[in-house]
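# A look at the structure
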Amino acid sequence: MKTTTLLRERHKLKNQEEYQVKYNYLRFVTPAESEVAETERREILNRLSTRIQPGYKGSKPDITDISPGCRICGEGTWSCLFINGVCNSRCFYCPAPQHDVHEPETNTLLFPEPDDYIDYLKIFKFRGMSISGGEPLLTFEKSLSFIRRARKEIGDELYIWLYTNGKLFDREKAKKLADAGVNEVRFDIGATDYNTDKVQQAIGIIPNVTVEIPAVPEEFELMKQKMRELKAMGVKYLNLHQLRLTPYNFNKLIDHDYTFIHGEKVTVLESELTALRLLEFSIEGNLGLPVNYCSFVYKNRYQKSAARRRHALKMLKPGESITESGFIRRLSFLPEVSSGIEKILFFDEETGDFLFIPENFSQICKIPGQIKITYFVAQLAPQPSAISEFKSVALNETRDIGIERTLAQPEIILNQTEATQFFNYLNGDQIFHQPEESKWINLLRFENIEKGLQSYY
Ligand code: SF4
């Protein structure tokens, strides 16, 4: 799906709102630069086309060989626990301040002790768990206690990994992590000036050793050397992220001569191109080190959709369904004449609506009337609010968590022709092109996860 003009304008406005007056200090890609960069990207992907397997609707260029943890992330069943909020590095690209000491936290929920967290993993059927920081080795015993409990309580089907900058890593810790049940350790070697000594210490002890760093344009040549070194020492995966601007790293990132791109968030153009060039370097040179370029749009689309879907499952009502992007879809039929339709529709006494599921549209489209589509979003909430529906989900006898269900946007009414077009689209009709009309844009953004890497603008 190509980003439409209207959506681009919305993103630009959101980007301006996020950075206010600082926005004017950012050098955004020009149309001419965008054309050159898009051509380079297309050419790299074309050259590699027979040797790569794009995944997640093209938001990852190659998923031929990615870590089991990354597959679990793509499935939407990964929980990342931020164990402490502090770090002993000051990477220029770090998206967060890393001096905000806190209890273990995920998705706005605090889990001071492992037991409630393990119940949370079970209730929401997570298949993967990771420990992140700040830096998890600063609170090593705490990190270990969560890992041990998770492995003991959930068993081998849970894939567990840990992120580290490696500064405090040694073979003794590697053994303790392996004994506790860690499947993978991911090193950010950007934090240690690309020194790989600590990575080496994990090899042979931790089953899967990964290097996970942002693709830093200035380090392109250095990374080419490092990739050979990493492969030779036994590193299994190289995960490259796209540099992303945040309010926390703003002052550091603008000191670099980067070109910024608008989008769901502001990102760095040269970072994506660097990641793709490194992917090509690895494949063309037969390095045997798989490069997983984890674009910002992949993370933003798939990880957010997964969280919405997880919570939506707890708030779904009869006659409703969940869209690919994780919103609750409620379809109501507004018939011109109501006699006889109750046989194929579900009557919701609370709202007086006739509800139906997409599969029933073939019957409904024969009856004169309109379709009303309403989308809701379900998310975690600390307490009930006056405007949303709220539900407590019990983790165990002593701990509940709250989920609220909120209207995602005002309802949309479709006439019969529009409704036919919409349901054909849901059934995979390729002829439907998303028109530049706000009605369709508003509707489809709640349905599908957008395709492809981001447009440069
Ligand atoms: S090691 Fe990770 S958490 Fe620490 S400063 Fe660097 S990017 Fe941030």
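Structure first, text after, so check above.
Heads up: these notes are all about the structure in this document. Everything quoted here is computed from the prediction, not taken from an experiment.

The rules behind the values
Residues numbered from 1 in each chain as written. Predicted model: local features only at pLDDT ≥ 70, side-chain atom pairs only at ≥ 80, totals over all residues. Heavy atoms only, no water. Helix = DSSP H or I, 4+ residues; strand = E, 2+ residues; numbered from the N terminus. Rg over C-alpha atoms; globule rule 2.2 N^0.38 Å. Buried < 20%, exposed > 50% of the residue type's maximum accessible area, 1.4 Å probe, protein only. Contact = heavy atoms within 4.5 Å. Areas by Shrake-Rupley, 256 points an atom, 1.4 Å probe, with all protein chains shown as cover. Lys, Arg positive; Asp, Glu negative; His and termini not counted. Charge placed at Lys NZ, Arg CZ, Asp CG, Glu CD. Salt bridge = Lys/Arg side-chain N within 4 Å of Asp/Glu carboxyl O. Pairing = 2+ DSSP bridges. Axes fitted to C-alpha atoms, helices over the stretch in contact; angles between N-to-C directions. Parallel < 35°, antiparallel > 145°, perpendicular 65-115°, else oblique. Nonpolar A, V, L, I, M, F, W, Y, C, P; charged D, E, K, R; others polar. Left-handed = near helix turned anticlockwise from the far one by under 90°. Arc of directions from axis to C-beta. Polar contact = N/O pair within 3.5 Å; in protein donor to acceptor, adjacent residues only side chain to side chain.

## Topic: the overall build of the protein
A tally of helices and strands in the protein yields 14 helices and 18 strands. The C-alpha radius of gyration of the protein comes to 24 Å, within 12% of the 23 Å expected for a compact globule of 457 residues. Viewed in the frame of its principal axes, the protein has a C-alpha envelope of about 75 × 60 × 45 Å. For the protein, with 457 residues in total, the buried portion stands at 56%. In the protein, 71% of the contacts between residues at least 6 apart in sequence involve partners at least 24 apart. For the protein, the accessible area works out to roughly 20,700 Å², and carbon and sulfur atoms hold 51% of it. Computing the positive centroid from 58 side-chain charges and the negative centroid from 62, the protein places the two 2 Å apart.

## Brief notes about the pattern of salt bridges
Taken as a whole and assessed by the stated rule, the structure comprises 31 salt bridges. Of the charged contacts, one joins E75 and R127 as a salt bridge, the two residues approaching to 2.4 Å between their closest N and O atoms. In this pair, E75 sits in helix α3 (residues 68-75) while R127 sits in the loop between α4 (114-123) and β4 (128-132), placing the two residues 52 residues apart along the sequence. For R127, a relative accessible area of 36% gives the class partly exposed. Salt-bridge contacts for E103 lead to K142; the nearest nitrogen and oxygen are separated by 3.5 Å. You can see E103 sitting in the loop between β1 (78-82) and β2 (105-106) and its partner K142 sitting in helix α5 (residues 140-154), a full 39 residues away along the chain. Three or more residues are tied together by salt bridges with common partners; here these are K317, E320, R330, D348, D353, K372, E389, R405 and E411.

## Quick look at the pairing of strand β18 (residues 400-414)
Inspection of the sheet shows strand β16 (residues 369-380) paired to β18 by nine bridges, in the antiparallel sense. Paired with Y375 across the bridge in β18 is Q409. Pairing geometry for strand β17 (residues 389-394) and β18, over six bridges, is antiparallel. Pairing of A394 across the sheet is with D400, part of β18.

## What to know about the packing of α5 against helix α6 (residues 171-180)
Two elements in contact, α5 and α6, have axes separated by 8 Å at closest approach and are oriented at 25°. Relative to α6, α5 is oriented roughly parallel. The residues of α6 that touch α5, namely those facing F140, E141, L144, I147, R148 and R151, are K173, K176, L177 and A180. Its residues assigned to classes, the contact of α5 with α6 shows five nonpolar, no polar and five charged.

## Some words on the environment of P54
Locating P54 in the fold gives a position in the loop between α2 (31-48) and α3. Residues P54 and G452 lie 398 residues apart in sequence; the distance between their C-alpha atoms is 9.3 Å. Apart from residues no more than four positions distant in its own chain, P54 is found in contact with K60, P61, D62 and I63.

## What about the packing of helix α8 (residues 220-233) against helix α10 (residues 269-284)?
Helices that pack against each other are described as a pair by the angle of their axes relative to one another and the distance between those axes. Direction vectors running N to C along α8 and α10 enclose 35°, while the axes themselves pass 11 Å from each other. The handedness of the crossing between α8 and α10 comes out as right-handed. Listed contacts from α10 to F220, M223, K224, M227 and R228 of α8 are T274, R277, L278, F281 and S282. The class makeup of the residues in the contact of α8 with α10 is five nonpolar, two polar and three charged.

## Remarks on helix α13 (residues 416-426)
Within α13, burial applies to E418, A419, F422, F423 and Y425. When α13 is viewed along its axis, its buried side chains cluster within an angular range of 155° and face the same direction. Buried residues along α13 sit in contact with β13 (328-335), α12 (361-364), β16, β18 and α14 (438-444). Two or three places before T417, at the start of α13, stands the capping residue N415, its side-chain oxygen 3.1 Å from that residue's backbone nitrogen. Downstream of α13 by one or two residues, G428 has phi in the positive range, about 95°.

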